[in-house]
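Read off the chains here:
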Amino acid sequence: MSDRIYIFDTTLRDGEQSPGCSMNIDEKIRVAHALAALGVDIIEAGFPIASPGDFEAVHRIASEVHGPCIAGLARAAEGDIRRAAEAIKPAGDHGRIHTFIATSPIHMEAKLRMTPDQVLERAVASVKLARSLVPEVEFSAEDAGRTDMDFLCRVVEATIAAGARVINIPDTVGYMTPAEFGGRIRELIERVPNSDQAIISVHCHNDLGLAVANSLAAVENGARQVECTINGLGERAGNAALEEIVMILRTRADRYALHTDIDTTKIVPTSKLVSQITGMPIQANKAIVGANAFAHESGIHQDGVLKHQKTYEIMTPESVGLNTNRMVLGKHSGRAALKSRYGQLGVELDGERLIEVFNRFKLLADKKKDIFDEDLMALLSGDGGVE
Ligand code: KIV
Ligand code: ZN
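Conventions used here
- Residues numbered from 1 in each chain as written.
- Chains lettered and ligands numbered in written order.
- Predicted model: local features only at pLDDT ≥ 70, side-chain atom pairs only at ≥ 80, totals over all residues.
- UniProt positions renumbered as here; feature names shortened; annotations may be inferred.
- Helix = DSSP H or I, 4+ residues; strand = E, 2+ residues; numbered from the N terminus.
- Contact = placed C-beta atoms within 7 Å.
- Near = placed C-beta within 6 Å.
- Nonpolar A, V, L, I, M, F, W, Y, C, P; charged D, E, K, R; others polar.
- Pairing = 2+ DSSP bridges.
- Buried ≥ 20, exposed ≤ 12 C-beta atoms within 10 Å, placed from the backbone.
- Right-handed = clockwise from strand over helix to strand, strands pointing away.
- Axes fitted to C-alpha atoms, helices over the stretch in contact; angles between N-to-C directions.
- Parallel < 35°, antiparallel > 145°, perpendicular 65-115°, else oblique.
- Arc of directions from axis to C-beta.
- Core = buried A, V, L, I, M, F, W, Y, C linked by C-beta atoms within 7 Å.

- The chain is annotated in an unreviewed UniProt entry as 2-isopropylmalate synthase of Mariprofundus ferrooxydans PV-1.
- According to the UniProt record, the Cofactor (unreviewed entry) comment for the chain is "Mn(2+)".
- According to its UniProt record, the chain has this under Sequence similarities (unreviewed entry): "Belongs to the alpha-IPM synthase/homocitrate synthase family. LeuA type 1 subfamily."

## Side note on the overall build of the chain
Step number 1: Broken down by element type, the chain carries 15 helices and ten strands.
Step number 2: Its C-alpha atoms give the chain principal-axis dimensions of about 80 × 40 × 35 Å.
Step number 3: In the chain, 71% of the contacts between residues at least 6 apart in sequence involve partners at least 24 apart.

## Regarding the site of ligand 1
Step number 1: Around ligand 1 lies a shell formed by D14, F100, S140, E142, N168, P170, T172, H203 and H205.
Step number 2: Those elements that provide at least two residues to the shell around ligand 1 are β5 (136-142) and β6 (166-171).
Step number 3: Each residue belonging to the shell around ligand 1 can be placed in one class, and the counts come to two nonpolar, five polar and two charged.

## Observations concerning the UniProt feature "domain: Pyruvate carboxyltransferase" (unreviewed entry) in the chain
Step number 1: Mapped onto the present numbering, the UniProt feature "domain: Pyruvate carboxyltransferase" (unreviewed entry) falls on residues 5-268.
Step number 2: With 45% helix and 18% strand, the stretch residues 5-268 has end C-alpha atoms that lie 21 Å from each other.

## Things to note about the pairing of strand β1 (residues 6-9)
Step number 1: For β1 and strand β8 (residues 225-228), the ladder comprises four bridges, and the chain directions are parallel. Among the inter-strand pairings, I7 is bridged to a residue of β8, identified as V226.
Step number 2: Inspection of the sheet shows β1 paired to strand β2 (residues 42-46) by two bridges, in the parallel sense. Paired with F8 across the strands is I42, a residue of β2.

## Digging into the pairing of strand β4 (residues 95-102)
Step number 1: A large share of β4 lies buried, amounting to eight of its eight residues.
Step number 2: Covered by surrounding structure in β4 are G95, I97, T99 and I101 together with R96, H98, F100 and A102, the residues of both alternating faces.
Step number 3: Relative to β4, strand β3 (residues 69-75) runs parallel, the two being bridged by six bridges. Residue pairing in the sheet places L73 in a bridge with H98 of β4.
Step number 4: In this region the chain leaves β3, passes through helix α3 (residues 78-88) and returns to the parallel neighbour β4; the handedness of that crossover is right-handed.

## A look at the UniProt feature "binding site: Mn(2+)" (unreviewed entry) in the chain
Step number 1: Sites flagged by UniProt as "binding site: Mn(2+)" (unreviewed entry) map to D14, H203, H205 and N239. Despite a sequence span of 226 residues, these residues sit close together in the fold, their greatest C-alpha distance being 10.2 Å.
Step number 2: In this structure, H203 sits in strand β7 (residues 199-204).
Step number 3: In this view, H203 contacts S140, N168, P170 and E227; residues no more than four positions away in its chain are not counted.

## Section: unusual backbone geometry
Step number 1: Positioned with a positive phi, R113 is a non-glycine residue whose angle comes to about 50°.
Step number 2: When you line up the elements, R113 lands in the loop between α4 (105-112) and α5 (116-133).
Step number 3: At R236, a residue that is not glycine, the phi angle is positive and equals roughly 55°.
Step number 4: As for its placement among the helices and strands, R236 is situated in the loop between β8 and α9 (242-251).
Step number 5: According to the C-beta neighbour criterion, R236 is partly exposed, with 13 such atoms within 10 Å.

## Section: the packing of helix α13 (residues 335-344) against helix α14 (residues 351-367)
Step number 1: Remark: α13 packs on α14, axes separated minimally by 10 Å, with the N-to-C direction vectors making an angle of 105°. On the basis of the axis angle, α13 is roughly perpendicular to α14. Judged by residue contacts, R335, L338 and K339 of α13 engage L354, F358 and F361 from α14.

## What to know about α13
Step number 1: Among the residues of α13, A337, L338, R341 and Y342 are the ones counted as buried. One side of α13 carries all its buried residues, which in axial view fall inside an arc of 135°.
Step number 2: In the core, the buried residues of α13 are packed alongside α12 (299-307), β10 (326-327), α14 and α15 (373-380).
Step number 3: Of the residues flanking the end of α13, it is G346, one or two places downstream, whose phi is positive at about 90°.

## Thoughts on the packing of helix α2 (residues 52-64) against α3
Step number 1: Packing of α2 against α3 brings their axes to within 7 Å, and their N-to-C directions diverge by 40°. Taken together, the axis directions place α2 and α3 in an arrangement best described as oblique. Counting all contacts with α2, which are made through F55, V58, H59 and A62, the residues of α3 involved are R83, A87 and I88.
Step number 2: When the residues that make up the contact of α2 with α3 are grouped by side-chain class, the tally is five nonpolar, one polar and one charged.

## Side note on the nonpolar core
Step number 1: Judged by nonpolar contacts, the single largest core of 93 residues is most densely connected at I43, A45, I70, V226 and I245.
Step number 2: Judged by nonpolar contacts, the second largest core, of nine residues, contains L329, A337, V357 and I371.

Right, dumping it as structure tokens:
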């Protein structure tokens, strides 16, 4: 089995389905260029049948963005598939139709009002039609996490036989737990006789906060494409966060020996661009890209990091595109961090003088949440707002 993990970015499709995150065409093109520079393998550029604007965005991305494969989403319906084929046409051999239909009992009965046999027939016909229009077809069994395993195996085998070269197993409602989802992927690969003719992909939602853990469990069990988004954007609680998947594989290369083609030094700039364009702020304690991800406040941690970065940092800030880590000066900070910050401001403090200023700093930090450089300079003259 290959040690390469394909990164399928769906920021422009599922990510855009985050409430309040819609983007105009020019914004989508800027994001698509950033994703190409980041090194993603596939950009899901949109859902062409959804609106004329979505069609136009996919079409322009397929014309203007080179490098990654450009995918267009289509339900398992002729109109959707033909529209997606038209939208991705300029990408030529680098175009992919991603067609899907739901396979779980609740979706088939309550939403599609179709029998399992009808769903199977539609899935096969859709893959065949898509294959007649483009060389690369991905099929998704929507809500695969809640799909009966025997039926899922039948659908996967039949859609591979119909020509799908990527089979995506979505945990559409984020219901799975890692052991369960990983087991599902392993069972599928073992039971479906032609599974070696397709790349098994996963697409996990974060309703229970497990999207990344579930994707990782799937990878451990043989999945080789991960669908994810920048900053974990996506429908409801979002999708697996690209930056987390990629940095787990890189930071724990000792455990996984799997690699992606992502230029990790572009992660933070891409994350900021997407946040700025969508207007969706990044929570400060978000892994990898949050403002606090490389910030240290407690004295013990600051002292440790100043002595050796690896004491409290398992990856370097530079590896994700940050210039440096950050020592936050607050009531938990210690003398080492204060001395270091003064040093950066051109003030050398030692011995009694350092203790004296440090004591004043602690009194101020008890009263004030944010200590700025101006506060530090004022503390030197004893004019630090401290009686
Ligand atoms: O969550 C989901 O099942 C999807 C499919 C369209 C892949 O987004
Ligand atoms: Zn989704």
